[in-house]
Amino acid sequence: MKSTSENRPSLDGNLSSSSDSEAESEDDDKNVALLEPRQSQSHEQMQPNLKEFRGSPEYHMAEYDNPPPGTAKNMPPKDFVCPITSNIFDDPVTLETGQTYERKAIEEWFKTGNSTCPITRQKLQNTQLPKTNYVLKRLIASWKEHNPNSVPPPCESPYEESKAVTKTIKVSTLPKDVVKQATVDGIISELRHAINNLYMSDILEESEMAVLHIEKLWREVNLGVDIHSMLSKPPIINGFMEILFNSVQPRVLRAAVFLLAETGSRDHSVIQTLTRVDTDVECIMALFKKGLTEAVVLLYLLKPSTTSLAEMATPESLLAAFNKEEENLVPMCLKPKTAALLLFAQVIGSSEERIALSAAKCVFSEKAIGNIVASLEAEWAEERIAAVEILLRCMQEDGTCRNTIAEKADLSPILESFTGATDVECLKIVQFFSELIKLNRRTLNEQILRFIKEEGPFSTMHTLLICLQTGLQDQCPVMAGLLLQLDLLVEPRKMSIYREEAIDTLISCLRNTDFPAAQLAAAHTIMSLQGRFDFSGKSLTREVLLKRAGVDRSPGYLEQVLQINSFYPETEITPEEEKAADDWERKIASVLVSHEFGIVFEALADGINSRNPELRSACFISATWLVYMLTILPDTGVQGAARVCLLKQFITKLNSAKDIHDRVLSMIALNSFLHFPDGFHDLTSYTKDILKGLRELKRISPLTSEILKVLVEENESKSDIWIHKELIRVDCSENGEVLSLIFFRNKLFSGHSDGTIKVWMVKDTSFHLLQEIQEHLKPVTSLVISESGDRLYSGSLDRTAKVWSVGKAAIHCVQVHDMKEQIHNLIVTDSISCFTAQGAGVKVQSWNGESKVLNSNKYVKCLAHVHGRLYCGCHDSSVQEINLDTGNVSTIQSGSKKLLGKAYPIHALQLHGELIYAAGSSLDGSVIKMWDNSSYRLVGSLQTGLEVRAMAVSSELIYLGGKGVAVEIWDKTKHNKLDTLQTATNSRVLCMSLDRNEEILVIGTSDGQIQAWRVN
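Residues numbered from 1 in each chain as written. Predicted model: local features only at pLDDT ≥ 70, side-chain atom pairs only at ≥ 80, totals over all residues. Heavy atoms only, no water.

Draft legend 1. Examining the overall build of the protein more closely. Counting its secondary structure elements, the protein contains 39 helices and 28 strands. For the protein, the residues scored as buried account for 54% of the 1016 residues in total. Partitioning the intrachain contacts of the protein with sequence separation of at least 6 by distance along the chain shows that 59% fall at a separation of at least 24. For the protein, the exposed surface amounts to about 45800 Å²; the carbon and sulfur share of it is 48%. (Helix = DSSP H or I, 4+ residues; strand = E, 2+ residues; numbered from the N terminus. Buried < 20%, exposed > 50% of the residue type's maximum accessible area, 1.4 Å probe, protein only. Contact = heavy atoms within 4.5 Å. Areas by Shrake-Rupley, 256 points an atom, 1.4 Å probe, with all protein chains shown as cover.)

Draft legend 2. Expanded view of the nonpolar core. Grouped together as the largest cluster of nonpolar side chains are 190 residues, with contacts concentrated most on Phe 240, Leu 244, Ile 405 and Phe 432. In terms of residues, this core owes the most to one element, helix H33 (residues 613–630), which gives twelve residues. Apart from the residues within four sequence positions on either side, Ile 405 is in contact with Ile 369, Val 373, Leu 391, Met 395, Phe 432 and Leu 436. One finds Val 93, Leu 95, Ala 105 and Leu 129 within the second-largest nonpolar core, a separate group that totals 20 residues. (Core = buried A, V, L, I, M, F, W, Y, C linked by side-chain atoms within 4.5 Å.)

Draft legend 3. Representation of the sheet that holds strand S26 (residues 977–994) within the structure. The strand order across the open sheet formed by six strands is S3-S28-S27-S26-S25-S24, and the pairing between neighbours is antiparallel. The sheet is open, and its two edges are formed by strand S3 (724–731) and strand S24 (947–953), each paired on a single side. Sheet twist, expressed as the mean angle between neighbouring strand axes with direction ignored, is 30 degrees. Sheet analysis places S26 next to strand S27 (residues 1000–1005), joined by five bridges and oriented antiparallel. The partner of Cys 991 across the bridge, within S27, is Gly 1004. (Pairing = 2+ DSSP bridges. Axes fitted to C-alpha atoms, helices over the stretch in contact; angles between N-to-C directions.)

Draft legend 4. Seen up close, helix H13 (residues 278–289). Between its first and last C-alpha, H13 extends 17 Å over twelve residues, near the 16 Å set by a 1.5 Å rise per residue. Here H13 has its buried residues at Thr 279, Asp 280, Val 281, Cys 283, Ile 284, Met 285, Leu 287 and Phe 288. (Expected span 1.5 Å × (residues − 1).)

Draft legend 5. Region of interest: the packing of aromatic side chains. One pass over the full model with this rule turns up six aromatic pairs. With a centroid separation of 6.1 Å and 75 degrees between ring planes, the pair formed by Phe 80 and Trp 143 is classed as edge-to-face. Residue Phe 80 is found in the loop between helix H3 (62–65) and strand S1 (92–94), and its partner Trp 143 is found in helix H5 (residues 134–146); the two are separated by 63 residues along the sequence. For the residue pair Phe 80 and Trp 143, the accessibility class agrees, reading buried in each case. Seen in terms of ring centroids, Phe 673 and Phe 676 are 5.5 Å apart; in terms of plane orientation they differ by 80 degrees. Their pairing is edge-to-face. A relative accessible area of 0% places Phe 673 in the buried class. (Phe/Tyr/Trp six-rings, centres within 6.5 Å; stacked < 30°, edge-to-face > 60°.)

Draft legend 6. Structural context of the pairing of strand S14 (residues 842–846). For S14, the buried fraction is high: five of the five residues fall into the buried class. What you see with S14 is no split at all: Val 842, Val 844 and Ser 846 on one side and Lys 843 and Gln 845 on the other are buried throughout. Bridge count for strand S13 (residues 832–836) against S14 is four bridges, and the pairing is antiparallel. When the sheet's bridge partners are listed, Ile 832 is paired in S14 with Ser 846. In this antiparallel pair of consecutive strands, S13 and S14, the connection spans five residues, and Gly 841 shows a positive phi of 85 degrees.

Draft legend 7. Local environment of the side chain of Arg 499. If you trace the backbone, Arg 499 turns up in helix H27 (residues 497–511). On the basis of relative accessibility, which here comes to 5%, the residue Arg 499 falls in the buried class. Residues in contact with Arg 499, not counting those within four places in the same chain, are Leu 484, Asp 487, Leu 488, Pro 492, Arg 493, Lys 494 and Val 591.

Draft legend 8. Focus on the packing of helix H10 (residues 234–246) against H13. Interhelical geometry of H10 versus H13 gives an angle of 45 degrees and a closest axis separation of 10 Å. On the basis of the axis angle, H10 is oblique to H13. The way H10 lies across H13 gives a crossing that is left-handed. In contact with Met 241, Leu 244 and Phe 245 of H10, H13 contributes Thr 279, Asp 280, Cys 283, Ile 284 and Leu 287. Grouping the constituent residues of the contact of H10 with H13 by class yields six nonpolar, one polar and one charged. (Parallel < 35°, antiparallel > 145°, perpendicular 65-115°, else oblique. Left-handed = near helix turned anticlockwise from the far one by under 90°. Nonpolar A, V, L, I, M, F, W, Y, C, P; charged D, E, K, R; others polar.)

Draft legend 9. Focus on the packing of helix H14 (residues 295–302) against helix H17 (residues 336–348). Direction vectors running N to C along H14 and H17 enclose 45 degrees, while the axes themselves pass 8 Å from each other. Between H14 and H17, the angle is such that the two are oblique. Considering only the axes of H14 and H17, their crossing is left-handed. Contacts between H14 and H17 involve Val 296, Val 297, Leu 299 and Tyr 300 on the former and, on the latter, Pro 336, Ala 339, Ala 340, Leu 342 and Leu 343. Residue composition of the contact of H14 with H17, grouped by class: nine nonpolar, no polar and no charged.

Draft legend 10. Representation of the sheet that holds strand S17 (residues 869–874) in the model. Spatially, S16-S17-S18-S19 is the arrangement adopted by the four strands of the open sheet, whose pairing is antiparallel. Edge strands, defined here as strands with exactly one partner in the open sheet, are strand S16 (860–866) and strand S19 (889–893). Neighbour to neighbour, the strand axes of the sheet diverge by 25 degrees on average, direction disregarded. As defined by bridge partners, strand S18 (residues 879–883) adjoins S19 across four bridges and the pair is classed as antiparallel. By the bridge assignment for S19, Glu 881 is matched with Ser 890.

Draft legend 11. Broad picture of unusual backbone geometry. Phi is positive for Glu 596, close to 50 degrees, though the residue is something other than glycine. Looking at the secondary structure, you find Glu 596 in the loop between helix H31 (575–594) and helix H32 (599–608). When its relative accessible area of 46% is taken as the criterion, Glu 596 is described as partly exposed. Of note, Asn 855 is a non-glycine position whose phi angle comes to about 50 degrees, a positive value. Tracing the backbone through its elements, the reader meets Asn 855 in the loop between strand S15 (851–854) and S16. Judged by relative accessible area, Asn 855 falls into the buried class, the value being 9%.

Draft legend 12. Representation of the pattern of salt bridges within the structure. Applying the stated criterion across every chain yields a total of 32 salt bridges. Put simply, Glu 353 and Arg 393 hold a salt bridge, and the shortest N to O gap is 2.5 Å. Placement of Glu 353 in helix H18 (residues 353–366) and of Arg 393 in helix H20 (residues 381–397) is noted, with a sequence separation of 40 residues between them. Accessibility expressed as a relative area gives 15% for Arg 393, which makes it buried. One salt-bridge network, held together by shared partners, links Arg 532, Arg 548, Glu 578, Asp 582 and Glu 585. (Salt bridge = Lys/Arg side-chain N within 4 Å of Asp/Glu carboxyl O.)

Draft legend 13. Layout of helix H23 (residues 423–436). When the terminal C-alpha atoms of H23 are compared, their 20 Å separation across 14 residues agrees well with the 20 Å that a helix rising 1.5 Å per residue should span. Extensive coverage of H23 is indicated by the burial of ten of its 14 residues. Turning to H23, the residues buried within the fold contact H20, helix H21 (402–408), helix H22 (412–420), helix H24 (442–454), helix H25 (460–470) and helix H26 (476–487).

Draft legend 14. Representation of the pairing of S18 in the model. Taken across its five residues, S18 has four buried, putting it largely inside the fold. When S17 meets S18, the two strands line up antiparallel, connected through five bridges. Among the inter-strand pairings, Arg 869 is bridged to a residue of S18, identified as Asn 883. Between S17 and the antiparallel strand that follows it, S18, lie four residues; Ser 877 among them carries a positive phi value of about 75 degrees. Linking two consecutive strands that pair antiparallel, namely S18 and S19, is a turn of five residues; a positive phi of about 85 degrees is found at Gly 887 within it.

Draft legend 15. Layout of the environment of Trp 380. Tracing the backbone shows Trp 380 in the loop between helix H19 (369–374) and H20. By relative accessible area, Trp 380 is classed as partly exposed at 35%. When near neighbours in sequence (up to four residues on either side) are disregarded, Trp 380 contacts Tyr 300, Leu 334, Thr 338 and Leu 342.

Draft legend 16. Layout of the environment of Leu 978. Within the secondary structure, Leu 978 sits in strand S26. Classification of Leu 978 as buried rests on a relative accessible area of 16%. Counting along the chain gives ten residues from Leu 978 to Glu 968, while the straight-line C-alpha distance between them is 7.9 Å.

Draft legend 17. A look at the state of the cysteines. The full count for this structure, using the stated rule, is zero disulfides. Left unpaired, Cys 401 is separated from the closest cysteine sulfur, that of Cys 394, by 5.5 Å. You can call Cys 401 buried: its relative accessible area is 7%. For the unlinked cysteine Cys 426, the closest cysteine sulfur is that of Cys 467, found at 4.1 Å. (Disulfide = S-S within 2.5 Å.)

Draft legend 18. Spatial organisation of the confidence of the model for the protein. A residue-level look at the protein finds 84% of positions with pLDDT of 70 or above and a mean pLDDT of 81. Here residues 152–176 scores under 50 on pLDDT; set against residues more than four positions off or in separate chains, the count is 36 contacts. Here residues 553–570 scores under 50 on pLDDT; set against residues more than four positions off or in separate chains, the count is 17 contacts. (pLDDT = per-residue confidence, 0-100.)

Shown next, in the form of structure tokens:
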């Protein structure tokens, strides 16, 4: 055991840098032979400290638990038995010859005047006994615990073995002259003296100088002296470890690590000696973490487990060693940078996701991507493969780094590694290339593909084909995807063995339920073949389809793109890029759908029925994309296969999918079927099944209206399509007339003539009364939702307008406005309110109290508002448009004089799409007129005998309510009556409202009834 100086620096801090230690190097070399040992602690004083530092290691006993054949189970290994006493060691000591004896026995040997080793008979340089061999002693103690009834075997002399070892430490080749022999003898003598001081001296400084001297001899001697065999004995290895435990001199620590690494790289028994004691490995890891970068080479040779490596060495320390400048490090058998990279690849390739994810995040935080990319050009193939594995995981974790990798990487060395790689290494390279070509620019992806195809010492496509034919099932999809893309760099030929093999593999993997991982990989590969990716490498097949349906982006995606573009403005897609993407999409879709008469559709249909949600989703998106592409590609006779396999699947998805965008995708596919000759006929036969689902999508995609128009117009019996099922009849006559109704989200609000407002919860087919509140003193004539959608406004004949906050189960009045006059009709914007009162004109009042009158020469009966324009239906049958910003009034329909003393006012106005609907009276009933709201051109009219007082307009239907016992339903396009709904009593319909999805119609009557129907 070594002693330490009283004023030695602490090991708690980081080690000095290499540059600092180099300044001390010359002085260390001079002091190797001259340094006098300073006053030190005794062996007994230091032993407790060492035990405290090293803890209680556990030793590997595997090799001793199984005795050789012919030996009794309780017979101790011969290495545990003293050759002199034939008893198990109690206090073993190892001499400089490498032989171990019981301390008392060898002391008696020396006392009799002997100065040689009892076994080898070699003359000893020093008869002073060394320290106890604690490693052997602990191994014996552990063995005794497992074998309490042990019996020592007969002594076997290791003399012959030792004699052979002695010969190896002399000279590996005979010298040619006496001078050279003398030089060799001198070197061996120096080396033995240094080794003796290393493992026998109790003075730390002597042992430290011995390490430096041994290192110097190692680096300088080139005379055939087999130094490493002299240093590989367990006592010498233990001596080096004691230095690592106790020394704080960076130069000495580096020398010890260097010598252990060099001997360990040549003799595996050195590594076995080190790994038997856990604390030895922990010590080396601790020194590495404190800044001894060279220790990473020794760590690599020790091959620690991934878990212990991740926890003790930490990925951050490995990256720090990897990023360190090589000129500041000690030259070793393996570059520290290479060792760090190989160990980091071991950590990031861990099967434990937690460890691998933590390592990947370290790469981004340390910004080490550039240095790792540089290792792709390393001379050693194993280092290149390690760099590939690290970069692959980084791209999978955070795809934004692939642009940096693609820009900086030289792929030629990887292609060279591809030809001689193992199956596992080939898979990593293929996965790396497959991830790399997911850039957000099609032209760059094709440049990389061309490089992969044309460069390299051998044909990459042929190598891939061999790998594909011999690879495991789970590995095949990614190989097939890359091979197919390489084949399509040129215009598709009639026949290509590469293409046929690749597509066959993808389809067979997709249908092989025995290998779920291969199924999923094949589905994702087919989906990504569409060729468009975002900046992070995520496939945009779904987003592109939604955009084609008029849905710009899925939720959150547009925000992500904007954020990325703020950092990477060059990512904007140019027309050239868009053309390249379209050309690729047509090319890849053509070969997929044409393969074996559309068998891919059958495989995708099976995948959509899978229980695996991820597989279902990928197959569904791919099926939608390929069906859509059939409307663009020339018909090769596969449209029928797609229709037979997928039509019912898409109808089911349209009606049952929870995700609204999945329903839009189904609609895209169904719209594509409408373009197929036989598909149109098949789809119209399912009109009743899909109308409800399509109507729910009208607010999401403009494509819905086009499909509905085709399906409805082709159906001869529209009354069979528009079926209205009565939901409720509620008697509210105790509150008087029902004067106003409005839907808001999943609630219905009703205003009554006694000043009551009722809040109803609408869920599926049921209505539940949540609240009944009466804060108005007179009838509530109008209910309006604010433009911002967060407030309810009520207007009343009590000359007030109240503002309500809408909660989950109730409304609360938050503000009251005194309007000075009775409110008959109310329109609200974020800044003003417009209402009709008892007199002429429209009263406009800002919320800060200012007011004015517009259209003062007209008695206005009803109002409608859109985009800053107010529409007025007047008592004289005229219709005007008022610009609220300027006050300008434009006439849409001129008024008429009273006939026979009777006026024919406009009772209801509705705006829907680009049209204005007005319900007025005539001599023989009512006339509904429709105008274009931009040109004021009359585009149609309806004639009905019903005295219309209320109107609601949906995307396909017009509902009319008035005096009588019926609500009429009219076709919005063909202007013919479809059906009549019977009301509960013979009273007037005063108001009506449709929910947001146009599925529920609610009316309010003059005798206090609320009635609702669902459109089926």
